[in-house]
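Summary of the model geometry
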Amino acid sequence: MKFLLSLGLLAASANAYWLMGIEDFITTERIDPIVNPGKVSGHVHSVLGGSNFRFSTNTAQLRQSQCSSVPIPQDKSAYWFPHLYFQWNNGSFTSLNGGAVIFVPDYLFSDTPGTTTAFPDDFRMLSGDPTLRTYDPNSHAQQAVTFLCLDFNGQSTRYNSLPPVSCPSGIRAQINFPSCWDGKNTDSPDHKSHVAFLSGGPDTGTCSDPNFPVVLPRIFMEVYWSSTDFDSVRSQARNTTQPFVYAYGDPTGYGYHADFINGWDKGVLQNAVDKCHCNPFGDPTCCVQQGLFSMDQGKSCRITKAIDEQTTGTVLKLPGNNPVQSEGKKATMFADNVTPALISPVFAYTGDSPTATGSVGGPAQTNSVASTVAQPSSSSLAPATMPIPTSIPVTHPSSSSVAPTPTTTRPSTTTHVATFPTIPSFSIPSIVIPTFSTPHFPSILAAAPATSPTASALSSSSGSGTCSSNKAKKRRQLGLELHRHRRSYQQLPHVRHYDYDDST
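Quick caveat: nothing in here was measured; it's all calculated off a predicted structure.

**Some words on the overall build of the chain**
Looking only at helices and strands, one finds six helices and 26 strands in the chain. In the chain, which comprises 504 residues, the proportion classed as buried is 58%. For the chain, the proportion of contacts with a sequence separation of at least 24, taken over those separated by at least 6, is 77%. Accessible surface, the chain: about 19200 Å² in total, of which carbon and sulfur atoms supply 53%.

**Re the sheet that holds strand 8 (residues 93–95)**
Taking strand neighbours across the sheet as the criterion, the four strands line up as 18-7-8-21 in an open arrangement whose pairing is antiparallel. Either end of the sheet is taken by a strand with one partner, and the two such strands are strand 18 (244–246) and strand 21 (314–315).

**What to know about the sheet that holds strand 14 (residues 180–181)**
In spatial order, the strands read 15-14-16; together these three strands make up an open sheet with antiparallel pairing. Edge positions in the sheet fall to strand 15 (195–196) and strand 16 (214–215), since each has one partner strand and no second.

**Examining the side chain of Ser-227**
Within the secondary structure, Ser-227 is located in the loop between strand 17 (218–225) and strand 18. Here Ser-227 falls in the buried class, since its relative accessible area comes to 3%. Those residues in contact with Ser-227 that lie beyond four places of it in its chain are Leu-96, Cys-167, Gly-170, Ile-171 and Phe-244.

**Overview of the pattern of salt bridges**
A side chain of one charge can pair with a side chain of the opposite charge if their charged atoms are brought near each other. Inspection of every chain in the model, using the stated rule, returns eight salt bridges. Note that Arg-63 and Asp-121 form a salt bridge whose closest N and O atoms lie 2.7 Å from each other. Of this pair, Arg-63 sits in helix 1 (residues 59–63) while Asp-121 sits in the loop between strand 9 (102–110) and strand 10 (124–128); the two residues are 58 residues apart in sequence, bridging distant segments of the chain. Here Asp-121 and Lys-266 are joined by a salt bridge, their closest N and O atoms 3.6 Å apart.

**Observations concerning the pairing of strand 19 (residues 257–261)**
In terms of burial, strand 19 is a largely internal element, five of the five residues being buried. Of the two faces of strand 19, both are covered, the one formed by His-257, Asp-259 and Ile-261 as well as the one formed by Ala-258 and Phe-260. In terms of strand pairing, strand 6 (residues 78–82) meets strand 19 through three bridges, oriented antiparallel. Each residue of the ladder has a partner; that of Ala-78, found in strand 19, is Ile-261. Pairing geometry for strand 10 and strand 19, over five bridges, is antiparallel. Along strand 19, the bridge assignment pairs Leu-126 with Asp-259.

**Regarding the packing of aromatic side chains**
Across all of its chains, the model carries 16 aromatic pairs by this definition. Summarising the aromatic geometry, the rings of Phe-86 and Phe-230 are spaced 4.7 Å apart at their centres and angled 15 degrees between planes, so their arrangement reads as stacked. In this pair, Phe-86 sits in strand 7 (residues 84–87) while Phe-230 sits in the loop between strand 17 and strand 18, placing the two residues 144 residues apart along the sequence. The class for Phe-86 is buried, based on a relative accessible area of 0%. Owing to a relative accessible area of 2%, Phe-230 belongs among the buried residues under this scheme. With 5.9 Å between their ring centres and 55 degrees between their planes, Phe-147 and Tyr-256 make a pair best called tilted. Of the two residues, Phe-147 is situated in strand 11 (residues 145–149) and Tyr-256 in the loop between strand 18 and strand 19; the sequence distance between them amounts to 109 residues.

**Considerations on helix 3 (residues 268–275)**
Residues lying three or four places apart along an α-helix face the same way, a consequence of the helix completing one turn every 3.6 residues. Every buried residue belonging to helix 3 is among Val-268, Leu-269, Ala-272 and Val-273, and all of these are buried. Each buried residue of helix 3 lies within a common arc of 120 degrees when the element is viewed along its axis, so the set occupies one face.

**Focus: the state of the cysteines**
Applying the stated criterion across every chain, the model contains three disulfides. Here Cys-67 engages in a disulfide with Cys-301; their sulfurs sit 2.0 Å apart. Here the disulfide of Cys-67 and Cys-301 is right-handed, its torsion about the S-S bond being about 75 degrees. Taken together, the residues Cys-67 in the loop between helix 1 and strand 6 and Cys-301 in the loop between helix 4 (285–289) and strand 20 (302–303) connect sequence positions 234 residues apart. Residues Cys-67 and Cys-301 agree in their burial class; the two are buried. The disulfide partner of Cys-149 is Cys-167, and the S-S distance across this bridge is 2.1 Å. Taking the sign of the S-S torsion, -125 degrees for the link of Cys-149 and Cys-167, the bridge is left-handed. A residue pair is termed long-range when its members are at least 10 positions apart, and Cys-149 in strand 11 and Cys-167 in the loop between strand 12 (157–159) and strand 13 (171–176) qualify at 18 residues. Assessed through its relative accessible area of 6%, Cys-149 is described here as buried.

**Some thoughts on the side chain of Thr-146**
Of note, Thr-146 is situated in strand 11. One polar contact links Thr-146 to Gln-174, side chain to side chain, over a distance of 2.6 Å.

Scoring rules and cut-offs
Residues numbered from 1 in each chain as written. Predicted model: local features only at pLDDT ≥ 70, side-chain atom pairs only at ≥ 80, totals over all residues. Heavy atoms only, no water. Helix = DSSP H or I, 4+ residues; strand = E, 2+ residues; numbered from the N terminus. Buried < 20%, exposed > 50% of the residue type's maximum accessible area, 1.4 Å probe, protein only. Contact = heavy atoms within 4.5 Å. Areas by Shrake-Rupley, 256 points an atom, 1.4 Å probe, with all protein chains shown as cover. Pairing = 2+ DSSP bridges. Salt bridge = Lys/Arg side-chain N within 4 Å of Asp/Glu carboxyl O. Phe/Tyr/Trp six-rings, centres within 6.5 Å; stacked < 30°, edge-to-face > 60°. Arc of directions from axis to C-beta. Disulfide = S-S within 2.5 Å. Polar contact = N/O pair within 3.5 Å; in protein donor to acceptor, adjacent residues only side chain to side chain.

Everything listed here is a matter of coordinates, which is why it stays silent on function.
Structure (structure tokens):
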């Protein structure tokens, strides 16, 4: 599995940025050290960044990571977002983790040194709201979330929700983070109140609000999902129009969200945003040559599992207590009535498989759910005839640790084999990484811009997360195009960013 990581940093009047390729998720589990510190979180996230990602973590711990999945090894920050699943007609789910998934946090920043302030130690923030199931076009926070229905041979179309059509080249989920800070607090009770969006929206304007005067690097995260792997079985989905559901039970995408904890080595990010302006097309080579940071392409970083729970492949229900809640009213986040067993210690590794894994600490725990917590109706879950196993074997590693070298292995006596029901008359697709040939890309000037499905959708959002001016858009588009043809960045040849003009 390959990823693209495009790092650049955007404040007001942003021009500079840099691009690079990323190798893989470090784990896909129910861990969220911001919203649910110290315990199993409510839904599954996929994680990138430093290997010291844990149930609880901070900047100092992330800096001590054994490795990072980010090709700039000085960036051991943690980035995570909900995983995406295909829902079958019988109520079960299959994760979209077998194709080419692209992760792109754009850090864009001003060409003027001293304009952008690097994230302070222990800075963390959240963008998005998992309870949303409707769209408010006037909300900057909701404008921050968009989806592209990709078509590498035609026009890519932007939506404010998960695309209700089959996308020829996959789906790109996009989210902006706030880039104005109060200058005091590294976090807040809701993990949002210490930051704000730019005056004109997620990607345009300035930090003119006196309550949020400090300009931060703007993180714009893009994740490419290979939804085309399910085209041949789309007719067997619960919803054939839009068959994908996020891990927290969201078939709309309005509740899409992402999290960030700063893990940059001290002083590196500030030095970079002040001085890395040497290439207008996002090529970081000259910044590496200046000694601002280094590049470590082609190396993977993963962590072994921390939770004894299956989160990828085909599962009977979404991990946790996450019934699918459709569009129309704010969703309820339900407490899980079972806490899966934990695995420890957690190890980091850089090869195809770990040399050690932790041991299961005990059986899953049944929780007493308070009467104030609403329970989902059985009709919204998998059919009652499908027995849900209490333990599912770990089939591939995925949780973290600074690995001491002991070779502790999981005792075979703790492994329980899940008994899946017979799936009615359809075949589960074999999810494998496809072999792609490089498509013919039309010239930059001749390429048609991606279009939005409705004029109202265009007017409600200020862009794809790229620089706002036409000149900046064209320059960045050209840079991305050139970058994608350079083998030195281990770029997936079939992936291409599409910029679009809101004036069309």
